[in-house]
Amino acid sequence: MGQATGSRILGSGSALPARVLTNADLAAQIDTSDEWIVERTGIRQRYIAGEGETTASLAIEAAKAALADAGLEAKDIGLIVVATATPDNTFPATATKVQHALGCNGGVAFDVAAVCSGFLYALTTADSLLTTGTAKRALVIGAETFSRILDWEDRTTCVLFGDGAGAVVLEAADAANPASAGGPGVLASRLHADGANHDLLYVDGGPSTTQTVGHLRMKGREVFRHAVVNLSSVLKEVIEDAGVSADDIDWVVPHQANARILDATAKKLGIAPEKIIVTVDKHANTSAASVPLAFDVARRDGRIKSGDLVMFEAMGGGFTWGASLVRI
Ligand code: UT7
């Protein structure tokens, strides 16, 4: 397989658990209120995985929807990357479970652990592997069941997260019509990590430390501060790398952690608030799933169209953060 010039998005899909948990439901269980949650975060409800629903089952459903949207079959896929911090098992990778369920065994399949930035890490990795010819088409999936690692008695974290999955199909781009010349494809991507901030957002367990799964712990106020600074700087980098201006961007599909972070970041960059896709009200923070979930919602409701310039961005535990600018 020859050298491609990047990759482009052919289709998308998403999946949500059946059960909705509203702020009022939570207020009946712990010391919180709909008013506090909406005012501080913009979240009104979240979806919670039930019996039989797992990260893999949600990923498989999202992947099937993305394949159907792209008009492809599983046998067309040579690479599956699943971004998740809540895999079905410590190993093997959830991606191998997805691969087997879809029936495209034999290609490349692995997971990426970059928590809420996972989809950006997975997209950038898949884009590179398609560029170097490892495969011709890829499924890039963000899938999570954060409800299974929450401390449901800790009101400072349990109200913020939800479960779900989103997927995109990527194809090695047409060398005759590259994104750099106005064709569809990934124009520029940047990834970052800073392990110094481990203790601001982490899970207090794991196979090699406690031999337990552990619970999510977060110092929300500090994370918020870092999120606005890191996201603003990585967005600037990608805009510069791509040689575009903030005005050229049609849509921003951000990680959905908090409506106030989305507003603050957009303001810093001078991006109009109506260009920002917001799903945090319905999905809450679904970690690695949030960006592809929001992208799929906005494609299916007709806002994001072919030819649009779309910025994906996320920041999460690690810390990790990143952004990608893609022409659809
Ligand atoms: O996805 C990875 C990235 N994660 C993020 O980006 C999350 C970033 N952080 C945030 O979104 C916000 O910091 C939070 C939504 C987590 C918190 O909002 P905040 O405005 O920073 O509130 P705070 O943590 O400063 O807490 C304010 C008050 C506290 O009470 P006192 O100490 O002022 O008396 C909390 O105890 O709100 C209290 N509080 C709550 N009250 C009702 C905290 N959680 C709740 C709750 N219900 N669920």
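Residues numbered from 1 in each chain as written. Predicted model: local features only at pLDDT ≥ 70, side-chain atom pairs only at ≥ 80, totals over all residues. Heavy atoms only, no water.

Residues in contact with the ligand amount to 23 residues; listed here are only the nearest, Thr-32, Arg-40, Arg-221, Asn-258 and Asn-285. Within the side chain of His-255, an N or O atom sits 2.9 Å from an oxygen atom of the ligand. Out of a free accessible area of 970 Å², the ligand has 77% covered by protein chains. When each cavity is represented as a set of grid points, the ligand is found to reside in the second largest pocket. Broken down by secondary-structure element, the contributors of at least two residues to the shell around the ligand are helix H2 (34–41), helix H6 (155–158), helix H7 (220–242) and helix H8 (259–269). Top element by residues in the shell around the ligand is H7. It accounts for four residues. Taken together, the residues of the shell around the ligand sort by class into 11 nonpolar, seven polar and five charged. (Near = heavy atom within 4 Å. Polar contact = N/O pair within 3.5 Å; in protein donor to acceptor, adjacent residues only side chain to side chain. Areas by Shrake-Rupley, 256 points an atom, 1.4 Å probe, with all protein chains shown as cover. 1 Å grid on protein atoms, 1.4 Å probe; cavity = no way out; pocket = protein on both sides within 12 Å on 5 of 7 lines; lining within 4 Å. Sits in = over half its atoms within 2 Å of the grid points. Helix = DSSP H or I, 4+ residues; strand = E, 2+ residues; numbered from the N terminus. Nonpolar A, V, L, I, M, F, W, Y, C, P; charged D, E, K, R; others polar.)

Assignment of secondary structure puts Lys-268 in helix H8. A relative accessible area of 51% means that Lys-268 is categorised as exposed. For the pair Lys-268 and Pro-207, spaced 61 residues apart in sequence, the C-alpha to C-alpha distance is 40 Å. Sequence-distant contacts of Lys-268, defined by excluding residues within four places in its chain, comprise Val-228 and Ser-232. (Buried < 20%, exposed > 50% of the residue type's maximum accessible area, 1.4 Å probe, protein only. Contact = heavy atoms within 4.5 Å.)

Our focus in this paragraph is the packing of aromatic side chains. In this structure the tally under the stated criterion is three aromatic pairs. An aromatic cluster is defined as three or more aromatic residues linked by ring pairs; in this entry it consists of Phe-119, Phe-295 and Phe-312. (Phe/Tyr/Trp six-rings, centres within 6.5 Å; stacked < 30°, edge-to-face > 60°.)

Using the criterion set out here, one finds one cavity of 30 Å³ or more in the structure. Taken as a whole, the largest cavity spans an internal volume of roughly 60 Å³. Lining the largest cavity we find Leu-235, Val-252, Pro-254, Leu-262, Thr-265, Ala-266, Leu-269, Ile-271, Ile-276 and Glu-313. For the lining of the largest cavity, the elements supplying multiple residues, two or more each, are strand E11 (251–254) and H8. Counting residues per element, the lining of the largest cavity draws most heavily on H8, which supplies four residues. Classifying every residue of the lining of the largest cavity by side-chain character gives eight nonpolar, one polar and one charged. (Points joined across faces, edges and corners; volume = space filled by probe spheres on them.)

Right, let's talk about the pairing of E11 for a bit. Alternating positions in E11 separate into two faces, Trp-251 and Val-253 on one and Val-252 and Pro-254 on the other, with burial throughout. By the bridge criterion, four bridges tie E11 to strand E12 (residues 309–316) in an arrangement that is parallel. Note that in E12 the partner of Pro-254 across the bridge is Glu-313. (Pairing = 2+ DSSP bridges.)

This next bit is on the packing of H7 against H8. Helices that pack against each other are described as a pair by the angle of their axes relative to one another and the distance between those axes. Closest axis-to-axis distance for the H7/H8 pair is 9 Å, and the angle between their directions is 40°. It follows that H7 is oblique to H8 by the angle criterion. The handedness of the crossing between H7 and H8 comes out as right-handed. Contacts from Phe-224, Ala-227, Val-228, Leu-231, Ser-232, Leu-235 and Lys-236 of H7 reach H8 at Arg-260, Ile-261, Ala-264, Thr-265, Lys-268 and Leu-269. Here the contact of H7 with H8 is composed, by residue class, of eight nonpolar, two polar and three charged. (Axes fitted to C-alpha atoms, helices over the stretch in contact; angles between N-to-C directions. Parallel < 35°, antiparallel > 145°, perpendicular 65-115°, else oblique. Left-handed = near helix turned anticlockwise from the far one by under 90°.)

Okay, the state of the cysteines next. In this structure the tally under the stated criterion is zero disulfides. Cysteine Cys-158 is unpaired, with the sulfur of Cys-116 as its nearest cysteine sulfur at 16 Å. (Disulfide = S-S within 2.5 Å.)

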